[in-house]
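# Survey of secondary and tertiary structure
The residues making up each chain are set out below.
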Amino acid sequence: MKLAFIGLGYVGLTTAVCMAYRGFDVVGVEVDDEKVEKISRGIAPVKEPKLEKLLKYALSRKKFTASTSYRDAVKADVFFITVGTPSKPDGGIDLSRVAEACKHIGETLATQEKVATVAVKSTVVPGTTRTLVKQKLEEASQKKVGMDLNLCVNPEFLREGAAVDDTFHPDRIVIGDDWGRGGKILTRLYKKFYGRKTPPTMITNTVNAEMIKYASNVFLAARISLINEVANICQRTPGADVEEVAKGIGMDRRIGPHFLRAGLGYGGSCFPKDVKALAAFAKSLGVEPCMLESVQKVNDNQPYKAIELAERLVGNLHGRKAAVLGLSFKPNTDDIREAVSLKIINKLLEHGCTVVAYDPAATENVRRLLGNKINYAESAEECIKNADFCIVATEWDEFRRLKPEVFKKHMKKPVVIDGRRVYDPAAIS
Ligand code: NAD
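Residues numbered from 1 in each chain as written. Predicted model: local features only at pLDDT ≥ 70, side-chain atom pairs only at ≥ 80, totals over all residues. Heavy atoms only, no water.

Looking only at helices and strands, the protein chain has 18 helices and 13 strands in total. Relative to a compact globule of 429 residues, whose C-alpha radius of gyration would be 22 Å, the protein chain shows 23 Å and is just as compact. The C-alpha extent of the protein chain, read off along each of the three principal axes, is 70 × 45 × 40 Å. A buried classification covers 53% of the 429 residues belonging to the protein chain. Across the protein chain, the fraction of contacts at a sequence separation of at least 24, relative to all contacts at a separation of at least 6, is 75%. Surface accessibility of the protein chain: about 20500 Å² in total, with carbon and sulfur atoms responsible for 52%. Taken together, the 65 basic and 53 acidic charged side chains of the protein chain have centroids lying 4 Å from each other. (Helix = DSSP H or I, 4+ residues; strand = E, 2+ residues; numbered from the N terminus. Rg over C-alpha atoms; globule rule 2.2 N^0.38 Å. Buried < 20%, exposed > 50% of the residue type's maximum accessible area, 1.4 Å probe, protein only. Contact = heavy atoms within 4.5 Å. Areas by Shrake-Rupley, 256 points an atom, 1.4 Å probe, with all protein chains shown as cover. Lys, Arg positive; Asp, Glu negative; His and termini not counted. Charge placed at Lys NZ, Arg CZ, Asp CG, Glu CD.)

Structure (C-alpha cells):
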C-alpha cells in the first residue's frame, strides 16, 4: 500500500516516517520548500525524540521521499491530510490549509483511474469532513465520495515530545466513516502496521470522530485548569499542599492520577487552539460554552502567578535580572507555540526586568520571535548567573538534575519559582 502525507509538521512527518519504517512506501508533500530540502537530507525540521533516526533510516531504505509537488503523490492509495488547523483571531478554526490540501489532492486524483482513500488526520470541527472536505475533493477530482473516492476521518492523539512512541503505541485508533469503505481500508492498513499489537479500534461516523478529538483535548485541558484552581486555593489555605491533595485525589479510581500536576498551565499547539475552537463552534450552534470559557480563563491567568510570586519574594521587579529556565511549551520538543514561557517573558519585560533565558532545544525559535529583547544563555548555570530570581517554565530533565547548591552559588539569592514542580521543596530548603 502506498501512502501520502500532506503536511510534514509534527504529526505528518512523525507518522509518515513511522509508517515508512514499518515498510510502507510513503511520500510526504509539504508546501515549505526549506522543510522539504532539510527532510530530504535527513534533518528533521522539528525536535522530537527518535524522529531524525527514523527519518534517516526511511530515506536510506528508499521507503520515504519528501516533495513540494502533489504530483509525486499521484500513486498513493491513501492520502492522510496532516496540515495545520490554527486559530483565527476570533478563536474559531482556520480551515484554509485543509481546503487547499483537498483541492490539490482532488486535482491529483482527477488524473487517476483507481479509487483512492483520503483520511483527515488534522483536527477539524465536527461536520468539516462531511461538508468542506467532501465538497472540495469532489469539485477538484470530478469524482464522487462513496463511489470512486473514499473519505474518512482518523484523528491523531500523539503527544509532542513522545510523538514517535505514541505513534507506535497509541491507546486507541478512532476512525470516522460515513460511506463504508475508507474506514475498512484504514483498519486493514493499521492491522498491517501494528500486527498482533493493534490497539482497540473504534469505528464511528465522521462527526463523532471529529468530536472525539476535541472532547479528548478539552477534557485534558479542563483537568489541568481544575487542579490549578485547586492549587490557587491551597496556596491561600495555611497547611494545604496541592501535591498531597493531588496524590489523594488520584487514588480515586474514578479520577485516576494523570493530568493532576498543578503549575503554570497548558500551552502548545493543541490545547489552547482546540479549547477555543470548540467554544467558538458551540457558540455558532447557540450553546454557551461556560466550562470551556472557564478552562481558558484559569489557564490564561495561571502563568502570571509566577510573576505575583516573584513580586512577593523580591519586591518591585523593575530593573531586576530574571532567569527563565525552559522555553518550549513542554519538555523534549522545540515547539514554542502558545508556550507559557513567552507570556511570562513578555510580562517580565513589561515590569522592566532584564531577562535571560535558557532552553535545551527551543532557544533558536524564541530568538527568531523575540530577537534581542532578551538575552540567551548556553546553559542553565549561565542563565541563572547573578539573577535576582529564576522561574522554571518547562520541566526538562536537565533542570531536575540541578542541585540546590548550583542556585546558591550562581544567583544573587536563590529565589527559585518552580512553576513545574521539578524540585522537592524539602530537599532545596
Ligand atoms: P504543523 O504546523 O507542525 O505542520 C503542518 C504542516 O503542513 C506545515 O509544515 C505546513 O507548512 C504544511 N502545510 C500547510 N498547508 C499545506 C498544504 N496545502 N499542502 C502541504 N503542506 C501544507 O502542524 P502539526 O502540529 O503537525 O498539526 C497538524 C494537525 O494535527 C493539526 O490539525 C493539529 O491540531 C493536529 N494535531 C497536532 C498534534 C500535535 O501534537 N502537534 C497532535 C494531534 C493532532
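Below, the discussion takes up the pairing of strand S7 (residues 173–176). Residues Ile-173 and Ile-175 of S7 are buried on one face, and the alternating residues Val-174 and Gly-176, pointing to the opposite face, are buried as well. Relative to strand S8 (residues 201–204), S7 runs parallel, the two being bridged by four bridges. Its bridge partner lying in S8, Ile-175 is registered against Ile-203. Tracing the backbone out of S7, into helix H7 (residues 182–194) and back to the parallel element S8 gives a crossover that is right-handed. (Pairing = 2+ DSSP bridges. Right-handed = clockwise from strand over helix to strand, strands pointing away.)

A few words on the nonpolar core. In terms of nonpolar packing, the biggest core is built from 41 residues, with Ile-6, Phe-79, Ile-81, Ile-105, Val-118 and Leu-137 touching the most fellow members. When residues in this core are grouped by element, the largest group, six residues, is from helix H10 (residues 271–284). Apart from the residues within four sequence positions on either side, Phe-79 is in contact with Ala-4, Ile-6, Ala-73, Ile-105, Leu-109, Ala-116, Thr-117, Val-118 and Ala-119. (Core = buried A, V, L, I, M, F, W, Y, C linked by side-chain atoms within 4.5 Å.)

Our next topic: helix H11 (residues 290–301). Taking 1.5 Å of rise per residue, the twelve residues of H11 would be expected to cover 16 Å, and the 17 Å separating its terminal C-alpha atoms lies within 8% of that figure. Looking only at H11, the buried set comprises Leu-292, Val-295, Gln-296, Val-298 and Asn-299. With its buried residues spanning 165° around the axis, H11 presents them on a single face. Looking at the buried residues of H11, the elements they touch are helix H8 (206–235), H10 and helix H13 (340–350). (Expected span 1.5 Å × (residues − 1). Arc of directions from axis to C-beta.)

A complete count under the given rule lists one cavity of 30 Å³ or more for this structure. Reported here for the largest cavity is a volume of approximately 40 Å³. Residue contributions to the lining of the largest cavity peak at three residues, all from H8. When grouped by side-chain class, the residues that make up the lining of the largest cavity number four nonpolar, two polar and three charged. (1 Å grid on protein atoms, 1.4 Å probe; cavity = no way out; pocket = protein on both sides within 12 Å on 5 of 7 lines; lining within 4 Å. Points joined across faces, edges and corners; volume = space filled by probe spheres on them. Nonpolar A, V, L, I, M, F, W, Y, C, P; charged D, E, K, R; others polar.)

To continue, consider the layout of surface pockets. One number sums up the size of the second largest pocket: a volume of about 840 Å³. Around the second largest pocket sit 31 residues that line it, and Gln-235, Leu-309, Asp-418, Arg-421 and Pro-425 are the ones nearest its centre. When contributions to the lining of the second largest pocket are tallied by element, the ones reaching two or more residues are H8, helix H9 (242–250), helix H12 (304–314), helix H17 (404–410), strand S13 (416–418) and helix H18 (425–428). Looking at the lining of the second largest pocket residue by residue, the class counts come to 17 nonpolar, six polar and eight charged.

Going through the model one piece at a time under the given rule, you end up with ten aromatic pairs. Ring-pair connections join several aromatic residues into one group, and the members of that group are Tyr-21, Tyr-57, Phe-168, Tyr-190, Phe-193 and Tyr-194. The ring of Phe-157 has Arg-172 sitting right over it, with the charged end atom 3.6 Å from the ring centre. A cation over a ring is seen here: Lys-347 above Tyr-304, with NZ or CZ 5.1 Å from the ring centre. (Phe/Tyr/Trp six-rings, centres within 6.5 Å; stacked < 30°, edge-to-face > 60°. Lys NZ or Arg CZ within 6 Å of the ring centre and 35° of its normal.)

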